[in-house]
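Given next are the chains, with one letter for each unit.
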Amino acid sequence: MSDIYDCIIVGAGPAGLGAALYTSRDRMKTLMLEKFMPGGQIINTDRIENYPGIERIDGAGLIMQMQKQVESFGAEIKTGCEVTNLEKEPDGKIAVHCDKDKYTARVVILTPGSDYRKLGVPGEEEFRNAGAGVSYCGTCDAPFFKGKQVVAVGGGNTAVEETLHLTKFAEKVTMIHRRDAFRAAKVLVEELLQKANESNSNLIIKYDTIATAIQGEGKAQSVKLKNVKTNEEEDYPCDGVFIFIGMVPNTGFLKGFVDLTDNGFIKCDCAYLRTTVPGVFVAGDCRIGAAMQLATAVGDGVVAAMMLKQYFRDPKWWNEPVSDLLQPGGW
Ligand SMILES: Cc1cc2nc3c(=O)[nH]c(=O)nc-3n(C[C@H](O)[C@H](O)[C@H](O)COP(=O)(O)OP(=O)(O)OC[C@H]3O[C@@H](n4cnc5c(N)ncnc54)[C@H](O)[C@@H]3O)c2cc1C
């Protein structure tokens, strides 16, 4: 018979490592199951400047410290272990399957993260790093493009917000959108258009336009743009390309086990991070309402690890509604 863990964490990115720090330091028998190696998305960047308390660090360096810390408290990390499905056992415990292996826990925290939706054009993968010119996060990387020329791709709320953010740093921002109107909220679009219409604005909007390639020597130097109505093409010089076309959560393996949104994000109450399955919490970029940041993913992991003690004390708590005190105006 295999060991029963107090807590199994699916994914060893920032959310999983944040959770494991708290569960293992609380002397809970903790197992992390990670399909690749610890780190998640943040391992792809060599510059983090928005993690509190650390002026500047690369993703790999930060993750190495986080991993060392959780292991020092006894958390076990199994790498190369892709979770393929989960099931609730008759006694309320949760079985987690990786290939032919099965692990059992009293509580599971799901932290499989998300991936940025890709444009899928030549050059995107080659320059996929803010230092080389391709980024998917304006909040993370805009300061690295101070005084430079960037192209932003997208048309939804995040695209508009992130593009406006970029205008505070870049010398020139060209936003391209494949349609002739934005689908973002009206209030955001108004703000965007107002910015573009200012005299000497550093924001240019190109409608009906797509990027078909990112080009350069060693780093991005131009984008090939195509007008989808006229089919006209141009090589558009720039120092960076920001791609804001959405996120794809890594939750395919959870279909039928927990409730997901139409886009695949894990449904939960955003106060305690309980999913629709008792004993299964969620944390990080894979959940509805996630802020998609390193610090918030870690914070989510900590919240889930704190709340699981409440579930251990009283399993019936799972079905209690979120306290009115946590509703707007409730305090
Ligand atoms: C290039 C880049 C730069 C970034 N820079 C910044 C920055 O400067 N500041 C900032 O705040 N944020 C930044 N971010 C965003 C930040 O990395 C994410 O918000 C954060 O990593 C989310 O953490 P997470 O643990 O929720 O998910 P992830 O980081 O996605 O980790 C999920 C983990 O789960 C594993 N996994 C997935 N499915 C399974 C499965 N079935 N079985 C087992 N394991 C599984 C994955 O392999 C991965 O290791 C950046 C992101 C990228 C891509």
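Preceding block: the structure.
The rules behind the values
- Residues numbered from 1 in each chain as written.
- Predicted model: local features only at pLDDT ≥ 70, side-chain atom pairs only at ≥ 80, totals over all residues.
- Heavy atoms only, no water.
- Pairing = 2+ DSSP bridges.
- Helix = DSSP H or I, 4+ residues; strand = E, 2+ residues; numbered from the N terminus.
- Core = buried A, V, L, I, M, F, W, Y, C linked by side-chain atoms within 4.5 Å.
- Buried < 20%, exposed > 50% of the residue type's maximum accessible area, 1.4 Å probe, protein only.
- Axes fitted to C-alpha atoms, helices over the stretch in contact; angles between N-to-C directions.
- 1 Å grid on protein atoms, 1.4 Å probe; cavity = no way out; pocket = protein on both sides within 12 Å on 5 of 7 lines; lining within 4 Å.
- Points joined across faces, edges and corners; volume = space filled by probe spheres on them.

A. Local environment of the pairing of strand β12 (residues 209-215). Where β12 and strand β13 (residues 222-227) come together, 6 bridges link them in antiparallel fashion. Each bridged residue has a counterpart across the sheet, and for I214 the counterpart in β13 is V223. Joining the antiparallel neighbours β12 and β13 is a turn of 6 residues, in which G218 adopts a positive phi near 80°.

B. Main features of the nonpolar core. I109 and F281 are the most contacted members of the largest nonpolar core, which totals 35 residues. Within the residue set of this core, elements represented by two or more residues are β1 (4-10), α1 (14-25), α2 (59-72), β6 (101-110) and α6 (294-313). Top element by residues in this core is α6. It accounts for 7 residues. Among the nonpolar cores identified, the runner-up in size contains 26 residues, and C98, L254, F257 and V258 belong to it.

C. Spotlight on the sheet that holds β13. Pairing is antiparallel across the open sheet formed by 3 strands, whose spatial order is β12-β13-β14. For this open sheet the edge positions go to β12 and β14 (233-237), each flanked by a neighbour on one side alone. When the angles between neighbouring strand axes are averaged without regard to direction, this sheet yields 30°.

D. The arrangement of the layout of surface pockets in detail. Volume-wise, the largest pocket comes out at about 1100 Å³. At the level of secondary structure, the elements contributing two or more residues to the lining of the largest pocket comprise α1, β7 (114-116), β8 (134-135), α3 (138-141) and α6. For the lining of the largest pocket, the element with the highest residue contribution is β7, accounting for 3 residues. Taken as a whole, the second largest pocket spans an internal volume of roughly 690 Å³. As for the second largest pocket, its lining consists of 26 residues, of which T158, I245, G246, M247 and M292 are closest to the centre. Broken down by element, the lining of the second largest pocket gets its largest block of residues, 5 residues, from helix α4 (residues 157-166).

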